[in-house]
Amino acid sequence: MRQSTFRCEEQHPYTLEDLGWTEEHERAFSKYTGRYLPGRVACRQKTVWEVLIDSGSVTAGISGALRKLGRFPAVGDFVVLLDQPETGTSRIVDILPQKTRFARGTPGREGADQVIAANIDTVLIVTAAGHDLNARRIERYLAIAHASGARPVIVINKSDLADDPVSLADELTSVSSGIPVIPISAVSGEGVDRLDPYLSPGTTIALIGSSGVGKSTLINRLMGRPVQDTSHTRDYDDKGRHTTTVRQLFILAGGALMIDNPGLREVGIGTASAGIADTFPDILELAEGCRFSDCRHELEPGCAVQAAVAAGTLSAARLENFQRLVQELAFERDKAEIGLVQLEKKRWKAIGKMQRDIGKTKGR
Ligand SMILES: Nc1nc2c(ncn2[C@@H]2O[C@H](COP(=O)(O)OP(=O)(O)OP(=O)(O)O)[C@@H](O)[C@H]2O)c(=O)[nH]1
Ligand SMILES: [Mg+2]
Ligand SMILES: [Zn+2]
């Protein structure tokens with residue numbers, strides 16, 4: 001095994017393989033010899049990264065070269081650490097290729113995505129029975145998840161508060177086109193074992209969802225001990241209260257790696273256009289029958305999408321959700337290009353083009 005002089009801040013019993021390291025990573029890392037060590041980012045606090053390595057963890061900064069390139073390691077990234085005995089610190093000098101990535105568009109920097117978490121196999125989209133349950137919001141999360149490359153699963157938490165959790169799940173299944181919908185109660189433990197198939201050792205799972213739906217409560221249950229603070233108020237409203245403020249990766253009792261996220265209000269639709277195509281394949285297919293290639297599916301003549309709504313084969317609410325997401329996406333992109341002042345004028349023009357772009361990403 002690799003010998004190192006790295007000063008571990010904390011010991012743990014896990015090997016690199018337990019952290020999700022594969023032969024692919026080994027190959028990518030093989031060009032580094034000597035004072036280099038591989039690790040996986042568990043947490044980032046501004047300019048300090050907590051990196052899990054074989055049998056322990058270290059805190060590290062990043063190299064000037066990475067900073068110059070704007071390449072900031074994200075939670076879940078596999079990285080190359082350089083030991084600096086002269087200063088007694090470690091430094092991240094490289095990020096190994098990412099299998100999947102959660103990104104949001106960065107306004108003002110064309111084409112630049114800000115990666116917020118990397119190498120996630122499965123995304124648990126956590127919602128809660130009661131006020132949070134909202135098909136439109138779930139479609140938004142689905143678009144983000146699809147764009148990341150990870151496999152989405154919808155979790156309805158707080159099923160103990162629902163009169164009929166099964167029919168709630170059925171309702172969501174109708175908007176989620178084949179994605180599993182699993183009702184659980186993180187508090188009572190009911191149904192939590194149905195997540196087992198997604199939690200095999202060495203795989204990485206991210207929890208996303210609005211503040212207060214119970215993401216950290218679920219982590220605590222799966223860890224078997226309280227590792228995360230949870231909200232203590234009974235009447236939790238998700239307006240501006242965030243209990244979890246830092247993204248962090250945990251190693252579950254069963255060996256899976258799970259990332260707890262702050263309530264995802266901060267994540268816009270970003271560059272999730274491919275995700276929209278995956279979430280609304282039916283609408284994009286219909287759109288191919290529209291008379292105009294830049295049809296917005298509003299009042300245009302010969303619109304096949306509106307025709308489907310009129311015929312009752314496409315729900316008007318679903319089309320509305322699609323259009324809302326497309327508008328948001330067009331808005332985000334334009335904000336980067338032309339700034340806010342001129343934006344309102346341009347807003348409507350951009351939407352037709354955006355729909356064509358999304359159509360092109362279909363089937364990638
Ligand atoms: N009744 C019920 N309450 C739950 C359940 N899971 C979580 N809660 C409660 O919901 C509240 C919010 O839970 P958290 O785990 O802090 O929510 P979170 O999603 O991590 O929120 P942020 O960290 O702000 O994003 C707490 O008061 C929990 O006790 C559940 O299954 N049933
Ligand atoms: Mg939390
Ligand atoms: Zn149309």
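About the cut-offs
- Residues numbered from 1 in each chain as written.
- Chains lettered and ligands numbered in written order.
- Predicted model: local features only at pLDDT ≥ 70, side-chain atom pairs only at ≥ 80, totals over all residues.
- Heavy atoms only, no water.
- Helix = DSSP H or I, 4+ residues; strand = E, 2+ residues; numbered from the N terminus.
- Contact = heavy atoms within 4.5 Å.
- Donors = N, O, S within 2.8 Å, 3.2 Å for Na, K, Ca; no water.
- Tetrahedral: all angles 85-135°; square planar, octahedral: opposite > 155°, others 65-115°.
- Buried < 20%, exposed > 50% of the residue type's maximum accessible area, 1.4 Å probe, protein only.
- Core = buried A, V, L, I, M, F, W, Y, C linked by side-chain atoms within 4.5 Å.
- Domains from an automatic or database assignment.
- Near = heavy atom within 4 Å.
- Polar contact = N/O pair within 3.5 Å; in protein donor to acceptor, adjacent residues only side chain to side chain.
- Pairing = 2+ DSSP bridges.
- Phe/Tyr/Trp six-rings, centres within 6.5 Å; stacked < 30°, edge-to-face > 60°.
- Patch = residues over 30% accessible without salt bridge, like charges linked within 9 Å, V, L, I, M, F, W, Y side chains within 5 Å.
- Areas by Shrake-Rupley, 256 points an atom, 1.4 Å probe, with all protein chains shown as cover.
- Salt bridge = Lys/Arg side-chain N within 4 Å of Asp/Glu carboxyl O.
- Lys, Arg positive; Asp, Glu negative; His and termini not counted.
- Charge placed at Lys NZ, Arg CZ, Asp CG, Glu CD.
- Expected span 1.5 Å × (residues − 1).
- pLDDT = per-residue confidence, 0-100.

**Student:** Can you help me understand the overall build of the chain in this one?
**Tutor:** Counting secondary structure elements, the chain contains ten helices and 14 strands. Long-range contacts, defined as pairs at least 24 residues apart, comprise 65% of the intrachain contacts of the chain with a sequence gap of at least 6.

**Student:** Looking at this structure, I do not really get the coordination of the zinc ion (ligand 3). What am I missing?
**Tutor:** Metal coordination angles in their ideal form are 109.5 degrees for the four-donor tetrahedron and 90 or 180 degrees for the six-donor octahedron. For the zinc ion (ligand 3), the full set of protein donor atoms is Cys290 (SG), Cys295 (SG), His297 (ND1) and Cys303 (SG), at a range of 2.1 to 2.4 Å. Considering all four donor atoms around the zinc ion (ligand 3), angles at the metal cover 103 to 117° and the coordination shape is tetrahedral. Each donor residue of the zinc ion (ligand 3) belongs to the same chain, with the gaps between them written as C-x4-C-x1-H-x5-C. Note on accessibility: cysteine 290 and cysteine 295 belong to one class, buried.

**Student:** Even after reading the chapter, I still don't get the nonpolar core, so can you show me in this structure?
**Tutor:** Grouped burial of nonpolar side chains is what soluble globular proteins tend to show. In terms of nonpolar packing, the biggest core is built from 52 residues, with Val51, Ile92, Phe102, Ile120, Val123, Ile125 and Ile154 touching the most fellow members. Residue contributions to this core peak at five residues, all from helix α3 (residues 135-148). Lining this core are residues from two domains, each supplying at least three of them: domain 1 (10-95) and domain 2 (116-266). Counting residues in hydrophobic clusters, the runner-up holds 23 residues, among them Leu124, Ile182, Tyr198 and Leu199.

**Student:** Honestly, the site of ligand 1 in this entry has me stumped. Any pointers?
**Tutor:** With respect to spatial proximity, 25 residues lie near ligand 1, and among them Asp160, Ser211, Thr217, Ser231 and Thr244 are the closest. At 2.9 Å from an oxygen atom of ligand 1 is found a main-chain nitrogen or oxygen belonging to alanine 186. The backbone of valine 213 places a nitrogen or oxygen atom 3.4 Å from an oxygen atom of ligand 1. For the shell around ligand 1, the leading source of residues is helix α5 (residues 215-223), giving three residues.

**Student:** Honestly, the pairing of strand β6 (residues 89-95) in this entry has me stumped. Any pointers?
**Tutor:** Both faces of the sheet carry side chains from a regular strand, because those side chains alternate between them. With three bridges connecting them, strand β4 (residues 56-62) and β6 associate as parallel partners. Bridge pairing in β6 links alanine 60 to serine 90. In this structure, strand β5 (residues 78-84) lies alongside β6, joined through six bridges in antiparallel fashion. Bridging across to β6, glutamine 84 finds its partner in threonine 89.

**Student:** How should I be thinking about the environment of leucine 222 in this particular structure?
**Tutor:** With respect to the helices and strands, the residue leucine 222 is situated in helix α5. By relative accessible area, which is 14% here, leucine 222 ends up buried. A C-alpha to C-alpha distance of 9.6 Å links leucine 222 and aspartate 193, two positions 29 residues apart in sequence. Not counting the four nearest positions on each side in its chain, leucine 222 is found in contact with Val192, Leu199, Leu252, Ala253 and Met258.

**Student:** I keep staring at the packing of aromatic side chains and nothing clicks. Help me out?
**Tutor:** Applying the stated criterion across every chain, the model contains five aromatic pairs. Here phenylalanine 280 and phenylalanine 322 contribute two aromatic rings whose centre-to-centre distance is 5.4 Å and whose plane-to-plane angle is 70°, an arrangement assigned as edge-to-face. Here phenylalanine 322 lies in helix α9 (residues 316-338) and phenylalanine 280 lies in the loop between α6 (273-279) and α7 (281-287), a separation of 42 residues in the sequence. Comparing phenylalanine 280 with phenylalanine 322, the two get one shared label, buried.

**Student:** Explanation requested: a negative patch on the surface in the structure shown.
**Tutor:** Judged by side-chain charge, Asp160, Glu190, Asp193 and Asp196 come together as a negatively charged surface patch. Looking at the element boundaries, aspartate 196 is found in the loop between β11 (181-183) and β12 (204-208).

**Student:** Can you walk me through α3 in this structure?
**Tutor:** For α3, built from 14 residues, the straight-helix expectation of 20 Å at 1.5 Å per residue is met to within 8% by its first-to-last C-alpha distance of 20 Å. Buried within α3 are the following residues: Ile138, Glu139, Tyr141, Leu142, Ala143, Ile144, Ala145 and Ser148.

**Student:** Explanation requested: α5 in the structure shown.
**Tutor:** Because the α-helix completes a turn every 3.6 residues, residues three or four places apart line up on one side. A large share of α5 lies buried, amounting to seven of its nine residues. For α5, the complete set of buried residues consists of Lys215, Ser216, Leu218, Ile219, Asn220, Leu222 and Met223. Residues of α5 that are buried in the fold lie against β9 (122-128), β12, β13 (248-251) and β14 (257-260). Taken from the residues just after α5, glycine 224 is the one with a positive phi, measuring 80°.

**Student:** Would you take a moment to explain the environment of alanine 128 for this structure?
**Tutor:** For alanine 128, the location among the structural elements is in strand β9. If sequence neighbours within four positions are ignored, alanine 128 has contacts with Leu133, Ile156, Asn157, Lys158 and Val213.

**Student:** Looking at this model, I keep getting lost on the confidence of the model for the chain. Mind explaining?
**Tutor:** It should be kept in mind that the predicted coordinates are not to be read in detail where pLDDT is low. On average, the chain scores 81 in pLDDT, and the residues at 70 or more come to 79%. Summarising per-element confidence for the chain, the mean pLDDT is lowest in helix α10 (residues 343-361) (55) and highest in helix α1 (residues 23-29) (96). Per-residue pLDDT stays below 50 along residues 106-112; that stretch engages in ten contacts with residues further than four places along the chain or on separate chains. Note on residues 265-271: pLDDT is under 50 here. Beyond four places in sequence and across chains, it has 23 contacts.

**Student:** Could you clarify how one ought to interpret unusual backbone geometry in this entry?
**Tutor:** In most cases, non-glycine residues show a negative phi, while peptide bonds are predominantly trans. Of note, the phi angle at lysine 46 is positive, near 55°, even though the residue is not glycine. Within the secondary structure, lysine 46 sits in the loop between β2 (36-45) and β3 (48-53).

**Student:** Even after reading the chapter, I still don't get the environment of lysine 215, so can you show me in this structure?
**Tutor:** Here lysine 215 is to be found in helix α5. In the structure, lysine 215 is positioned 13 residues away from glutamine 228 in sequence and 9.6 Å away in space, judged by C-alpha atoms. Residue contacts for lysine 215: discarding those within four places in its chain leaves Val126, Leu207, Ile208, Gly209, Ser210, Asp260, Asn261, Pro262 and Gly263.

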